[in-house]
Amino acid sequence: MDIKIQVENLKIFFDKNEVLKGVSIDVYRNRITGFMGPAGSGKSTLISAFNRMIDFEEDVKIEGKIYIDGVDIINGDIDGVSLRRQIGTVFAVPIPLPRSVFDNIAYGPRLKGITDKTELNELVRDSLKKAFLWDEMKDRLSMSALKLSGGQQQRLCLARSLALKPEIILLDEPCSGLDPISTAKIEDALNELKKEFTIILVSNNTKQIARISDYSAFFYMGELIEYGPTERVFTFPSQKQTEDYISGKFG
Amino acid sequence: MIKTKIDKEFIVKIILTTFAFSSLLFLFLIFSFILFEGLPLFLKVGLKKIIFGFKWAPTKGSFGIFPMIISSFFVTFGALIIGAPLGLSCAIYLSEYSGKKMKMFLKPALELLAGIPSVVYGFLGVIYIVPIIRNNFGGAGFSLLATSIILGVMILPTIISISFDAIMSVPKTYREGSFAMGATKWQTIYKVVVPSARSGILASFILGMGRAIGETMAVIMVAGNALKIPTSILDPLRTLTGNIALELAYATGDHRMGLFSTGVVLLVIIMILNYIANFGIKRRVIK
């Protein structure tokens, strides 16, 4: 199986606070990898290192290596902007820009310099279809994205990141504010999307991780406690902490 | 026992309400005072002859303040041309680029700029800006250009602080969303942050205009105060405020009333500007 992202002994400090304490993990291509763990476990920080959003924080120090397709994105000669044009990110709170549905999705492609009308139309349609949103949105493309429901907004954000034609999609607790039906729609979309993309799903919801991820990683206090195929992690956890977490004893 | 407690609360409320409304009372008094002093002349000479009259010779019965209205607008827009880009860039730098330490140093420094007395600005203008203009561009130096530069600097604190607040109130999540889609910092600023803060930024420009049109001391010192419509940026001019301040000391009778009419016109212009600015700010707050 192909390794898409390879993390080697990654340490991240905020000021003097060590938030990630030497994490090594391989993320596989065309799989959904679930990152779970209680708040403060470092899972979101790891994600923000993948797309280098972490650069916007103050007083951050990063040690170790992250390879994406073999390219070191921490020490290598690559800048955050071009990296983020190849990695889609969906946040916990859906954050559509205060523009129309169409403009929200066309925002990224336009930044890349795509101005051709038919090309943009096609991109928007494809992206919306892949995010399972096309049927609801096809007649409302010019509506303000702020008027959509929470679940629609989140799928819009997913569509928006797909329009960048990324290879990796990072989802940082994308369903934390959504009802079960909206959550199910996102999960359906992800199951389709993994055929094309490498997906990392950060979630507090262990049931969601168990439901849709192929591989599961459990983080605790900045360390990777356990990592393996989801079935194995959830049925025969090798660590006591993992067992306690997935059985709901803490979290 | 419980009753007295409520009564005390009630008294405090009454006192505070009275004080709160007393400021409104002052506004009302100023308003009625200026109208009371200035309106009779409008009735006597006629609105059209005052506002659109070209000749200001108050001792000979001509009360035309049109050149001053135009001059006031010229310096105000001149100030905006200089102050708006400077102020907006400063606000963007403060909110988007400067670190915490820089912000802690810059914000108070800019607030100090607002605290400098206007006579000091005028003084600087007379000593430095007027001679520089005279030596490099010709003319007397006392000019529309000199006045615009001075006013442009004077309205900076207003523009910076209000547009800074507007930009800071753009949710951080908008920026993150934009960055996550591969926008650069600058693309994020001009495509997302500034458009989202648009109404507040416009309000800051308009309040800056209100400040520029009302400024008196510094303007008298550098404007040259000639009674005509300036035809180039090197021409001297006289503003509405300058007219009142220059002549009030010795004016009597109709002349005095003429100055108050100037005040009425000024008041109306400033009210309109404030109304527009408030409209912009309110829309932003309600959103």
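What you see is a predicted model, and the numbers here were worked out from it, not measured in a lab. (Residues numbered from 1 in each chain as written. Chains lettered and ligands numbered in written order. Predicted model: local features only at pLDDT ≥ 70, side-chain atom pairs only at ≥ 80, totals over all residues. Heavy atoms only, no water.)

## Regarding the overall build of chain B
We apply this condition: Each helix is a run of DSSP H or I of at least 4 residues and each strand a run of E of at least 2, with the numbering of both proceeding from the N terminus. Exposure is judged per residue with a 1.4 Å probe applied to protein chains only, and the accessible area is read against the type maximum: over 50% gives exposed, under 20% gives buried, and values in between give partly exposed. Whether two residues touch is decided by their heavy atoms; if any such pair falls within 4.5 Å, the residues are in contact. Here, Shrake-Rupley sampling with a 1.4 Å probe gives the accessible areas, and only protein chains in the shown set may cover a residue. In this count, Lys and Arg are taken as positive residues and Asp and Glu as negative ones, while His and the chain termini are left out. In this description, the location of a charge corresponds to atom NZ of lysine, CZ of arginine, CG of aspartate or CD of glutamate.
On a plain count of helices and strands, chain B comes out with 13 helices and 2 strands. A principal-axis box enclosing the C-alpha atoms of chain B has dimensions of 70 × 70 × 30 Å. Taking all 287 residues of chain B together, the buried fraction comes to 44%. Considering only contacts in chain B between residues 6 or more positions apart, those separated by 24 or more positions represent 72%. When the accessible area of chain B is evaluated, it comes to approximately 15,400 Å², of which 74% is carbon and sulfur surface. Computing the positive centroid from 27 side-chain charges and the negative centroid from 11, chain B places the two 5 Å apart.

## Section: the pattern of salt bridges
Under the convention used in this document: Any carboxyl oxygen of Asp or Glu within 4 Å of a side-chain nitrogen of Lys or Arg constitutes a salt bridge here.
Tallied over the full model, the rule gives 23 salt bridges over all chains. Arg52 of chain A serves as the salt-bridge partner of Asp55 of chain A, at 3.2 Å between the closest nitrogen and oxygen. What makes Arg52 of chain A buried here is its relative accessible area of 13%. Between Glu96 of chain B and Arg175 of chain B there is a salt bridge, with its nearest N and O atoms 2.8 Å apart. Note that Glu96 of chain B is positioned in helix H3 (residues 66-97) and Arg175 of chain B in helix H8 (residues 172-180), a separation of 79 residues in sequence. Considered together, Glu96 of chain B and Arg175 of chain B belong to a single accessibility category, that of buried residues.

## A closer look at the pairing of strand E8 (residues 198-203) of chain A
Residue and element names in this part refer to chain A. To keep it simple, the criterion reads: Two strands are said to pair when DSSP picks up at least two bridges between them. Convention used here: a crossover is right-handed provided that the path from the first strand, over the helix, to the second strand proceeds clockwise when the strands point away from the viewer.
Burial analysis of E8 places 6 of its 6 residues in the buried class, the great majority of the element. Bridge analysis of strand E3 (residues 32-36) against E8 gives 5 bridges, and the strand direction is parallel. Paired with Ile32 across the two strands is Ile199, which belongs to E8. By the bridge criterion, 5 bridges tie strand E7 (residues 168-172) to E8 in an arrangement that is parallel. When the sheet's bridge partners are listed, Asp172 is paired in E8 with Val202. Between the parallel pair E7 and E8, the chain is carried across by helix H7 (residues 180-193), and the sense of this crossover is right-handed.

## What to know about the environment of Val7 of chain A
Residues and elements named next belong to chain A. Within the element layout of this structure, Val7 appears in strand E1 (residues 3-14). The buried category is assigned to Val7, whose relative accessible area is 2%. Sequence separation between Val7 and Asp179 is 172 residues; the distance between their C-alpha atoms is 33 Å. Beyond its immediate sequence surroundings of up to four residues, Val7 is in contact with Val23, Ser24, Ile25, Asp26, Phe50, Lys65 and Ile66.

## Some points on the interface of chain A and chain B
Condition: When two parts are put together, the accessible area they lose, computed with a 1.4 Å probe and summed over both, is reported as buried area. Any N or O atom pair separated by 3.5 Å or less is treated as a polar contact, with the protein-specific requirement of one donor-capable and one acceptor-capable atom, and with residues adjacent in sequence counted only for side-chain atom pairs. As a working rule, the residues Ala, Val, Leu, Ile, Met, Phe, Trp, Tyr, Cys and Pro are called nonpolar, Asp, Glu, Lys and Arg charged, and the rest polar, with Gly in that last group.
Contact residues are listed per partner, giving 22 residues for chain A and 18 residues for chain B. The junction of chain A with chain B conceals about 1,700 Å² of combined surface from both sides, 66% of it contributed by carbon and sulfur atoms. The largest per-residue losses of area from chain A upon contact with chain B belong to Ile95, Tyr107 and Leu111 of chain A, which jointly make up 28% of the total buried on that side. Here chain A and chain B share 0 salt bridges between them. There are 5 residue pairs in polar contact (both at pLDDT 80 or more) connecting chain A and chain B. Listing elements by their share of the side of chain A that touches chain B, those giving two or more residues are helix H2 (80-84), strand E6 (87-90) and helix H3 (101-111) of chain A. Here the element with the most residues in the side of chain A that touches chain B is H3 of chain A; it accounts for 4 residues. A per-class count over the side of chain A that touches chain B returns 13 nonpolar, 3 polar and 6 charged.

## Comments concerning the domain arrangement of chain A
How big an interface is tends to be stated in terms of the accessible area lost upon association of its parts. Residue and element names in this part refer to chain A. Short version of the rule: Reported domain spans reflect what an automatic or database domain assignment gives.
Under the domain assignment, chain A is made up of domain 1 (1-86 + 168-251) and domain 2 (98-165). For domain 1 and domain 2, the distance between their C-alpha centres works out to 26 Å. Taken together, the 15 residues of domain 1 in the interface contact 13 residues of domain 2. Counting the surface lost from both domain 1 and domain 2, the interface buries some 1,200 Å², and carbon and sulfur atoms represent 71% of this. There are 1 salt bridge connecting domain 1 and domain 2. Glu196 is the salt-bridge partner of Lys130, the closest N and O atoms lying 3.2 Å from each other. At the junction of domain 1 and domain 2, the tally comes to 2 residue pairs in polar contact (both at pLDDT 80 or more).

## So, the layout of surface pockets
Under the convention used in this document: Using only the protein atoms, space was sampled on a 1 Å grid; points where a 1.4 Å probe fits but cannot get out form cavities, open sets with protein on both sides within 12 Å along at least five of seven lines form pockets, and lining residues are those with an atom within 4 Å of a point. Grid points are joined across faces, edges and corners, and a volume is the space filled by probe spheres set on the points.
Size it by volume and the largest pocket reaches roughly 920 Å³. What lines the largest pocket is a set of 30 residues, and nearest its centre among them are Met53, Phe56 and Glu57 of chain A together with Lys172 and Glu176 of chain B. Where the lining of the largest pocket is concerned, the elements lending two or more residues are helix H1 (43-50) of chain A together with H3, helix H4 (100-115) and H8 of chain B. Broken down by element, the lining of the largest pocket gets its largest block of residues, 5 residues, from H8 of chain B. Class assignment for the residues of the lining of the largest pocket results in 11 nonpolar, 9 polar and 10 charged.

## A short note on the packing of H3 of chain B against helix H6 (residues 144-154) of chain B
Residue and element names in this part refer to chain B. Selection criterion: Structural elements are reduced to axes, namely lines fitted to C-alpha atoms, with helices fitted over the stretch in contact, and the angle between N-to-C directions of any two is expressed from 0 to 180 degrees. Roughly parallel here means an angle under 35 degrees, roughly antiparallel means over 145, roughly perpendicular means 65 to 115, and every remaining angle is called oblique. Helix crossings get a hand from a simple test, with the near helix turned counterclockwise from the far one by less than a right angle marking a left-handed crossing and a clockwise turn marking a right-handed one.
Here H3 crosses H6 at 55 degrees, and the two axes come no closer than 7 Å. Accordingly, the angle class assigned to the pair H3 and H6 is oblique. Here H3 runs over H6; the crossing is right-handed. Contact residues: H3 offers Phe74, Val75, Gly78, Ala79, Ile82 and Gly83, while H6 offers Leu144, Thr147, Ser148, Ile149, Leu151 and Gly152. When grouped by side-chain class, the residues that make up the contact of H3 with H6 number 7 nonpolar, 5 polar and no charged.

## A word on the domain arrangement of chain B
Residue and element names in this part refer to chain B. Domain parsing of chain B yields domain 1 (2-44) and domain 2 (51-286). The gap between the C-alpha centroids of domain 1 and domain 2 is 30 Å. Listed by partner, the interface residues are 10 residues for domain 1 and 13 residues for domain 2. Carbon and sulfur atoms make up 81% of the area that domain 1 and domain 2 hide from each other, which totals about 1,000 Å². One can count 2 salt bridges joining domain 1 with domain 2. In this structure, the salt-bridge partner of Glu37 is Arg256, at a minimum N-O distance of 3.7 Å. Between the two partners, domain 1 and domain 2, sit 2 residue pairs in polar contact (both at pLDDT 80 or more). When grouped by side-chain class, the residues that make up the side of domain 1 that touches domain 2 number 7 nonpolar, 1 polar and 2 charged.

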